[in-house]
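Letter by letter, the chains look like this.
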Amino acid sequence: MTYVGKPIKRLYDDKFVTGKSTYGDDIQINSLYAGFVRSPYAHARIKSIDVSDALKVPGIVAVFTAKDLQVKEGIGIWTTYEDPKQWKFLPRRPLAEKEVKYVGDPVAIVIGTDKYNVRDAIDKVNVDYEKLPAVIKMEEALEDKVLVHEELKTNVAFDQTFNGGNVDEAFKNADRKIEVEVTNNRLIPNPMEPRGIISRYEGGFLTIWYSTQVPHTARAEFSRVLGIPASRIRVIMPDVGGAFGSKVNILPEDVAVVLSSIKLGRPVRWTATRSEEMISSEARHNTFKGEVAFKTDGTILGIRGELIVDMGAYLTYTSPIQPVIIPLMIPGPYKIQNISVRSRAVYTNTPPITMYRGASRPEATFIIERIMSNVADELGIDDVTIRERNMITNTPYVNPLGLKYDSGDYLGLLREGVKKLEYEKLKAWAKAMREKGRKVGVGMAFYLEMSGFGPWEFGEVRVTETGDVIVTTGGTPHGQGGETGIAQVVADELQIDIDRIKVIWGDTEVVASGMGTYGSRTAAAAASAAKVAATKVLEKMKRFAAKMLKVDVEEVKYSSGEFEANGRKVSWNEVAEFAYKSDEPGVFEQLILPGDVTYPYGVHIAVVEVDDYGIAKVSEYKAYDDIGVVINPALAEGQVHGGATQAVGQAILEEAIINEEGQLAVTYADYLIPTAVEAPKFESYFSEKPHASQYPSGAKGVGEAALIVGPAAIVRALEDATGKRFNHTPVRPEELIE
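This one's a predicted model, so the numbers in the text were calculated from it and none came from an experiment.

Some remarks on the pattern of salt bridges
- On inspection of all chains with the given rule, the structure shows 53 salt bridges.
- A salt bridge links Arg-438 to Glu-609, with the shortest nitrogen-to-oxygen separation between them at 2.8 Å. Of this pair, Arg-438 sits in the loop between helix H13 (423-435) and strand E18 (439-448) while Glu-609 is found in strand E26 (residues 601-610), placing the two residues 171 residues apart along the sequence.
- When its relative accessible area of 28% is taken as the criterion, Glu-609 is described as partly exposed.
- Across the pair Glu-683 and Lys-622 runs a salt bridge whose closest N-O atoms are separated by 3.6 Å. Residue Glu-683 is located in strand E28 (residues 681-686), and its partner Lys-622 is located in strand E27 (residues 616-626); the two are separated by 61 residues in the primary sequence.

In structure tokens:
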């Protein structure tokens with residue numbers, strides 16, 4: 001039996017469906033509890049902190065402020081993907097010392113034997129603040145009238161212009177020009193499990209249980225910040241209840257918990273409350289203002305404009321990715337040769353921005369797809385035709401800003417997709433419904449995604465004495481089912497039953513190295529590293545079989561668990577047992593597999609209906625994607641469903657509103673995360689002639705695709721339903737009925 005390409009049932013879901021999973025908060029360890037005193041102001045000077053009343057609360061062990069928790073270096077940025085030289089930033093310390101920069105900025109950590117007493121003690125820490133002027137809006141931050149960080153002398157953290165082609169010439173040759181303004185408003189990732197950490201320091205060794213996507217990266221950052229050798233730090237990733245990129249970040253609260261455990265010599269744990277989670281990780285929030293030059297036939301000649309990206313009060317570990325990748329991806333799958341985008345990232349006195357599913361690709365896709373539809377409307381051209389006239393027709397292709405798209409047939413998939421998804425039929429139906437008085441609309445959008453991020457991934461395959469196989473991966477599946485896909489790839493490579501394979505990840509003392517799971521990279525990078533390791537293991541098994549059969553290794557043939565030469569056979573299990581009794585005991589291979597980005601793509605369609613109160617419902621969502629080799633169609637389709645449901649949230653429900661005082665003006669009562677009730681009916685298909693990536697697995701990735709393109713498709717459907725134009729997310733009910 002072969003496994004790749006089949007909808008194999010997820011291997012390790014029993015514990016989840018029976019309630020036996022172990023998240024960070026479930027770990028049974030005798031520990032102290034931590035909680036944080038947070039700033040009520042968007043910007044203020046800390047005049048004094050009095051902890052005496054808090055220390056009188058029963059069970060309170062300590063209250064630490066910035067002066068108590070000094071670090072070798074502050075939290076930096078992800079230098080694997082980001083160049084610190086391009087940025088003006090201050091490495092972040094565990095606790096605010098002289099000033100607070102946003103509402104929720106941690107000022108002190110309270111530690112006690114009971115989390116409820118800790119909560120009481122937090123209220124008894126008296127902080128004397130001197131309120132300072134704050135800057136909340138991105139546009140005002142550009143003026144530098146109020147500075148978030150006086151030391152930097154500006155609020156502009158990043159300023160770079162991305163140029164390709166000859167934009168001035170393109171606009172000179174244009175028949176028409178239009179102005180566009182496209183905004184992705186602030187969101188909150190909101191994983192089901194809030195972030196959490198447990199730290200234990202014993203005998204000079206630090207063990208951290210951490211709800212993270214990147215345990216090895218976290219270990220390296222903790223080592224750098226704390227000045228403790230990485231060899232003395234172990235990071236263990238328990239079951240993680242959702243992350244969506246937000247748990248790549250190392251927060252100051254995390255460092256404060258670790259430092260407290262070191263200082264006290266006792267384990268300390270912290271799990272964020274829901275309200276803390278809402279301010280610990282926010283995402284998106286950027287605006288593109290520009291012009292588009294085009295011919296009367298719809299050919300786009302050039303784009304120029306300015307992108308402003310809100311960083312919040314501090315750079316987080318991952319946020320610098322966004323003002324770089326967004327401009328690079330604006331050309332998308334279109335042969336637009338002339339582009340100039342000035343990209344600026346600014347500090348504001350608001351909660352810091354982190355990654356969220358797609359991180360930069362959803363923003364870029366929304367910008368270019370809104371441009372395509374705006375131009376189509378100006379010219380009276382339909383959405384398919386405008387894209388056909390501008391679509392790249394040959395790959396590999398280098399876009400005007402230097403990105404090399406690896407493989408694909410974008411135009412062919414567009415045509416196949418609209419036919420497969422019955423787009424024209426849906427458009428006709430929606431028009432007929434509108435003639436009967438219903439506000440029904442159909443929208444489509446196309447995406448080209450950058451995924452499979454390198455620069456490398458770790459994989460190890462080991463055959464046990466009994467012939468079972470242990471796969472150790474640097475990928476870190478946390479709900480997607482990636483471990484099942486990895487097992488499928490290895491099972492096919494070794495031609496053994498998948499039930500004999502165990503996949504291990506997420507422990508820096510067990511896994512030699514690893515980059516982690518993010519950026520739709522597991523099927524591409526992690527599965528490929530395991531595949532190559534498995535290939536090398538099989539060669540080693542052949543060598544042991546040759547010794548048993550007393551032949552040259554070249555004479556050994558292998559098929560479905562049997563090694564054969566000259567009419568004699570030995571089984572997989574016999575060879576494994578022999579290997580452990582030889583002069584070279586054991587059969588294993590571990591390696592670092594280099595890799596680079598790859599580009600999946602597809603067309604998605606949304607069907608919406610708006611009621612008389614402006615409440616929009618996405619009733620159907622259809623997808624047709626080329627994601628390279630589809631290792632497990634069920635897992636891939638599940639990712640489309642999840643991403644599309646989050647796209648519903650971004651398009652019509654979710655917005656992290658910050659008021660004039662810098663306060664998050666929503667709670668879970670009115671921050672509307674889509675539930676099963678709001679989820680549409682799904683149809684998901686994958687190209688029958690996929691274009692494989694350069695990775696050995698052939699996969700490109702699908703984890704973020706639907707959230708990358710979904711908001712654009714849904715907003716276009718809302719325009720179809722109402723006859724209005726919306727170049728932002730979310731589209732609010734009052735806008736739909738005005």
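Don't stop here, the text continues.
Focus: the sheet that holds E28
- What the 4 strands build is an open sheet, ordered E18-E26-E27-E28; its pairing is mixed. Among the strands making up the open sheet, the edge pair consists of E18 and E28. Going across the sheet, the axis of each strand differs from the next one's by a mean of 15°, ignoring polarity.
- Bridge analysis of E18 against E26 gives 10 bridges, and the strand direction is antiparallel. Residue pairing in the sheet places Val-442 in a bridge with Val-607 of E26.

Topic: the domain arrangement of the protein chain
- For the protein chain, the assigned domains read domain 1 (32-132 + 190-279), domain 2 (133-189 + 281-403) and domain 3 (453-594).
- With 18 residues of domain 1 in contact, the opposing surface of domain 3 contributes 19 residues.
- Summing both sides of the interface, domain 1 and domain 3 together bury roughly 1400 Å²; the carbon and sulfur share of this comes to 54%.
- On the surface where domain 1 and domain 3 come into contact, there are 2 salt bridges.

Some details on the environment of Gly-703
- Considering the arrangement of structural elements, one finds Gly-703 in the loop between E28 and helix H18 (705-722).
- For Gly-703, a relative accessible area of 15% corresponds to the buried category.
- When the C-alpha positions of Gly-703 and Arg-521 are compared, they lie 8.4 Å apart, and in sequence the two are 182 residues distant.
- Residues within four places of Gly-703 in sequence aside, it is in contact with Arg-357, Ser-520 and Gln-639.

Considering the side chain of Ser-373
- Locating Ser-373 in the fold gives a position in helix H10 (residues 361-379).
- In this structure Ser-373 touches Asp-383, Arg-387 and Arg-716, once residues within four positions along its chain are discounted.

Remarks on the packing of aromatic side chains
- All chains considered together, the criterion is met by 20 aromatic pairs.
- Seen from their ring centres, Tyr-81 and Tyr-518 are 6.2 Å apart, and the 80° between their planes marks the pair as edge-to-face. Here the residue Tyr-81 occupies a position in the loop between strand E3 (60-65) and strand E4 (99-100), and Tyr-518 occupies one in the loop between strand E21 (501-504) and helix H15 (522-549), the gap between them amounting to 437 residues.
- For Tyr-518, a relative accessible area of 7% corresponds to the buried category.
- Here Phe-563 and Trp-572 contribute two aromatic rings whose centre-to-centre distance is 6.2 Å and whose plane-to-plane angle is 15°, an arrangement assigned as stacked. The pair formed by Phe-563 and Trp-572 is uniform in burial state, with each residue classed as buried.
- These aromatic residues form a ring-pair network of at least three members: Trp-78, Tyr-81, Tyr-317, Phe-453 and Tyr-518.
- The cationic tip of Arg-92 hangs over the ring face of Tyr-314; the distance from NZ or CZ to the ring centre is 4.1 Å.
- Here the guanidinium or amino end of Lys-420 rests over the ring plane of Tyr-685, the centre of that ring lying 4.9 Å away.

Cut-offs used in this document
Residues numbered from 1 in each chain as written. Predicted model: local features only at pLDDT ≥ 70, side-chain atom pairs only at ≥ 80, totals over all residues. Heavy atoms only, no water. Salt bridge = Lys/Arg side-chain N within 4 Å of Asp/Glu carboxyl O. Helix = DSSP H or I, 4+ residues; strand = E, 2+ residues; numbered from the N terminus. Buried < 20%, exposed > 50% of the residue type's maximum accessible area, 1.4 Å probe, protein only. Pairing = 2+ DSSP bridges. Axes fitted to C-alpha atoms, helices over the stretch in contact; angles between N-to-C directions. Domains from an automatic or database assignment. Contact = heavy atoms within 4.5 Å. Buried area = accessible area lost by both parts, 1.4 Å probe. Phe/Tyr/Trp six-rings, centres within 6.5 Å; stacked < 30°, edge-to-face > 60°. Lys NZ or Arg CZ within 6 Å of the ring centre and 35° of its normal.

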